[in-house]
Amino acid sequence: MNLTATILYSMVSLVVLIATVYFFFRVVSIPGKTIKSDTGWGSRIGLVLAMAGNAVGLGNFLRFPVQAINNGGGAFIIPYLVCFLLIGIPLLFVEWSMGRFGGTPYRNRPMGDHSVPFILQRVHAARWVKYIGVFGIFTNIAVAAYYCYIESWTMSYVFHSITGTFRGMSQEGVSSFFDVYVDLGQSTLGLPYEPVVFYILCLALNVYILSRGLERGVEKVAKIGMPLLILFAMLLAIQTLSLQPGEKGAVYAGTEGLRYLWTPDFSSIWKPSVWIAAAGQIFFTLAVGMGTIQCFSSYLKKDDDTALNAMSAGWMNEFVEIVLGSAIIIPMAVGYLGIDGMTDIVRNLGGYGLGFKTLPYLFQQWGPLLATFAGMMWFGLLFFAGVTSSLAMGTPVIGFLKDEFNIPFSRGAWIFGLITLIMGMPTVIFYKEGVFTEYDDWAGTYSLVIFAFAEIVLFAWIFGIDRAWEEITRGADIRVPVVYKYIIKFVTPVLLGIILFSNIPGMFQRVLHPLNGYVSFAQIYLLALFLFIVYWVHKAHLKRLGLN
């Protein structure tokens, strides 16, 4: 490896590993129950793993390496870490403490609030505030609608890896296999509407787990899924980085891919687009600006720690993304295809092209037995990464239904599943027409930034930074650096404002000049969902006033 790349990767990985281990063991060393109700958390470590699972998703393995390659290689890590420190950590502090504050009991609400609209209403009494919280429900349904479709791909590919479907296939055959799979008119199993079947199975699994509640459902899956995800990722990373030319069909050493990924192009640091990309990756990877963190932490008690919990979950995500995420997909592709071959795939197909259209073929070079286990581990870890995130997306919706309409947690889970299915089917049926991408951009990018900007202005400026800081530090098991009081008030809102306003031209461009009629349909469909949620939030408001 290039010496600069080696030093950079080693230093960053060491810092991230130390921070991850330190915060996690601080959590483990301070045992305690965090149950507040029948639908609360069973243990502190379960909460942290569920929060980490919420953050750790498909983007850690498929999106981060590609973002780094497209934005200066190793130099990308500098704006990325700066954005993590100035945007990611402040938002984690804000969302954890805001959720706990909203969940504290008050008059006529002995269990507090567990839905984003009324958590925000606790922060400020103005009636309009609750409607900002609509984003915290809308985003989760809209993202879950297409995210569960990707999740279903991983479920299908685990099955095909175990049954040896990819054995003997050429690279072109593996690539075209994905195109056949997402085409409703074709099937890889002879099963009519195969992607719809796997999508419904995947969504049903999510709903079943959610219906069991936080402790017996979400927490239990996180306790199993997160350790398995990390174990599978570590095993694949070791196997990939140990590749040598001439062994197992490799043309180059696996470390050549790591070198390429981490060799810095420092000229790129001065490009605004690189900083926007870094900030976008922080949003994507930490799951901030969605409302899930507020919902999860609303089940904490008034004096339960949020600061250490936030740091432990946040740094665990960074470990998975930086240390493990960069050590699998790019090194593997470079080892067999070379840098030019890998960059061509990234340029034309992105991270999903490498993950689904290329890696199954490359695994076959390891021999039948090892290829089966490698495919099972790769798509298995992607499935665990996906399901721990999609489960989190259901909780704000279920919390809203339970709090405002007395709908039991289990029934609320099935309502969430039904709405998600209705919203998600267009992404499956019209995947090739751009509906999937349109959902991703509006719900998975624009909506996150809008809500994050609104919530931090609300918390730091309207609620007041002194009261906000008291909430953040109350019951904290670590000392929160006081500099973050000023970062939260001044720096983070400015950075989020820049990101938001830089995205506005793109929003207007999409609305005024849609690619086709299917894309226009997706925009109208998403708008209808947003207005539908506004209506039910208003109904909940009237119900609270006794007018409905």
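For the structure, check the block above.
The text that follows walks through the structure, step by step, so that each part is easy to find.

## Structural notes on empty space enclosed by the protein
For step 1, the next point in the chain: Taken as a whole and assessed by the stated rule, the structure comprises four cavities of 30 Å³ or more.
For step 2, the next point in the chain: The volume enclosed by the largest cavity comes to roughly 200 Å³.
For step 3, the next point in the chain: Around the largest cavity, the lining is made up of 21 residues, and of these Val-143, Tyr-147, Phe-284, Met-290 and Met-393 lie nearest the centre.
For step 4, the next point in the chain: Of all the elements in the fold, those that place two or more residues in the lining of the largest cavity are helix H2 (44-55), helix H3 (58-62), helix H8 (134-163), helix H13 (272-286), helix H18 (368-405) and helix H20 (435-462).
For step 5, the next point in the chain: Class assignment for the residues of the lining of the largest cavity results in twelve nonpolar, eight polar and one charged.
For step 6, the next point in the chain: Each pocket or cavity is described by its volume, and for the second largest cavity that value is around 70 Å³.
For step 7, the next point in the chain: Together, His-160, Ser-161, Gly-164, Thr-165, Phe-166, Arg-167, Pro-360, Phe-363, Gln-364, Ala-371, Thr-372 and Gly-375 line the second largest cavity.
For step 8, the next point in the chain: Listing elements by their share of the lining of the second largest cavity, those giving two or more residues are H8, helix H17 (359-363) and H18.

## Notes on the nonpolar core
For step 1, the next point in the chain: In terms of nonpolar packing, the biggest core is built from 197 residues, with Phe-93, Trp-262, Phe-283 and Trp-378 touching the most fellow members.
For step 2, the next point in the chain: Considering each element in turn, this core owes the most residues, 18 residues, to H18.
For step 3, the next point in the chain: The contacts of Phe-283, once residues within four sequence positions are left out, are Ile-87, Leu-91, Val-288, Leu-448, Val-449, Ala-452, Leu-496 and Ile-499.

## Describing the side chain of Gln-281
For step 1, the next point in the chain: Relative to the helices and strands, Gln-281 resides in helix H13.
For step 2, the next point in the chain: Not counting residues up to four positions away in its chain, the partners in contact with Gln-281 are Gly-59, Arg-63, Phe-64, Gln-67, Tyr-80 and Glu-321.

## Observations regarding the packing of aromatic side chains
For step 1, the next point in the chain: Within this structure, the stated rule accounts for 45 aromatic pairs.
For step 2, the next point in the chain: Geometrically, the ring pair formed by Phe-76 and Tyr-80 is tilted, given 6.1 Å between the ring centres and 35° between the ring planes. Exposure class is identical for Phe-76 and Tyr-80. Each is buried.
For step 3, the next point in the chain: For the pair Tyr-535 and Trp-536, a centre-to-centre distance of 5.3 Å together with 80° between the ring planes defines the contact as edge-to-face.
For step 4, the next point in the chain: Using a relative accessible area of 44% as the deciding quantity, one classes Tyr-535 as partly exposed.
For step 5, the next point in the chain: Geometry around Trp-366 places Lys-248 over its ring, the cationic atom sitting 5.9 Å from the centre.
For step 6, the next point in the chain: Of note, Arg-544 hangs over the ring of Phe-118, and the distance from its end group to the ring centre comes to 3.9 Å.

## Re the layout of surface pockets
For step 1, the next point in the chain: Empty space within the largest pocket amounts to approximately 1,000 Å³.
For step 2, the next point in the chain: Along the wall of the largest pocket there are 40 residues; nearest its centre are Arg-63, Gln-67, Thr-437, Asp-440 and Asp-441.
For step 3, the next point in the chain: Elements with a contribution of two residues or more to the lining of the largest pocket: helix H4 (64-70), H8, helix H9 (171-181), H13, helix H16 (329-357), H20 and helix H22 (483-512).
For step 4, the next point in the chain: Class assignment of the residues belonging to the lining of the largest pocket gives a composition of 20 nonpolar, 13 polar and seven charged.
For step 5, the next point in the chain: If you add up the space inside the second largest pocket, you get close to 360 Å³.
For step 6, the next point in the chain: Together, 14 residues line the second largest pocket, and Tyr-106, Phe-118, Gln-121, Arg-544 and Leu-545 are the ones closest to its centre.
For step 7, the next point in the chain: Among the elements of the structure, helix H6 (116-123) and helix H23 (517-545) are those that each provide at least two residues to the lining of the second largest pocket.
For step 8, the next point in the chain: Partitioning the lining of the second largest pocket into residue classes produces four nonpolar, three polar and seven charged.

## Quick word on unusual backbone geometry
For step 1, the next point in the chain: A positive phi is found at Asn-108, a non-glycine position, where the angle reads about 70°.
For step 2, the next point in the chain: In this structure Asn-108 comes out as exposed when scored by relative accessible area, which is 65%.

## Focus: the packing of helix H5 (residues 77-103) against H20
For step 1, the next point in the chain: With their axes 11 Å apart at the nearest point, H5 and H20 run at an angle of 70° to one another. In terms of orientation, H5 and H20 fall into the roughly perpendicular class. Crossing of H5 against H20: the hand is left-handed. Contacts between H5 and H20 involve Leu-91, Val-94, Glu-95, Ser-97 and Met-98 from the first element and Ala-452, Glu-455, Ile-456 and Phe-459 from the second.
For step 2, the next point in the chain: A per-class count over the contact of H5 with H20 returns six nonpolar, one polar and two charged.

## Concerning the packing of helix H12 (residues 254-262) against H16
For step 1, the next point in the chain: H16 packs onto H12 with a crossing angle of 60° between their chain directions and a minimal axis gap of 7 Å. The angle between the axes of H12 and H16 places the two elements in the oblique class. Classified by chirality, the crossing of H16 by H12 is left-handed. Counted together, Gly-254, Glu-256, Gly-257, Leu-258, Arg-259, Tyr-260 and Leu-261 of H12 and Ile-330, Pro-331, Val-334, Ile-339, Met-342 and Thr-343 of H16 form the full contact between these two elements.

Thresholds applied
- Residues numbered from 1 in each chain as written.
- Predicted model: local features only at pLDDT ≥ 70, side-chain atom pairs only at ≥ 80, totals over all residues.
- Heavy atoms only, no water.
- 1 Å grid on protein atoms, 1.4 Å probe; cavity = no way out; pocket = protein on both sides within 12 Å on 5 of 7 lines; lining within 4 Å.
- Points joined across faces, edges and corners; volume = space filled by probe spheres on them.
- Helix = DSSP H or I, 4+ residues; strand = E, 2+ residues; numbered from the N terminus.
- Nonpolar A, V, L, I, M, F, W, Y, C, P; charged D, E, K, R; others polar.
- Core = buried A, V, L, I, M, F, W, Y, C linked by side-chain atoms within 4.5 Å.
- Buried < 20%, exposed > 50% of the residue type's maximum accessible area, 1.4 Å probe, protein only.
- Contact = heavy atoms within 4.5 Å.
- Phe/Tyr/Trp six-rings, centres within 6.5 Å; stacked < 30°, edge-to-face > 60°.
- Lys NZ or Arg CZ within 6 Å of the ring centre and 35° of its normal.
- Axes fitted to C-alpha atoms, helices over the stretch in contact; angles between N-to-C directions.
- Parallel < 35°, antiparallel > 145°, perpendicular 65-115°, else oblique.
- Left-handed = near helix turned anticlockwise from the far one by under 90°.

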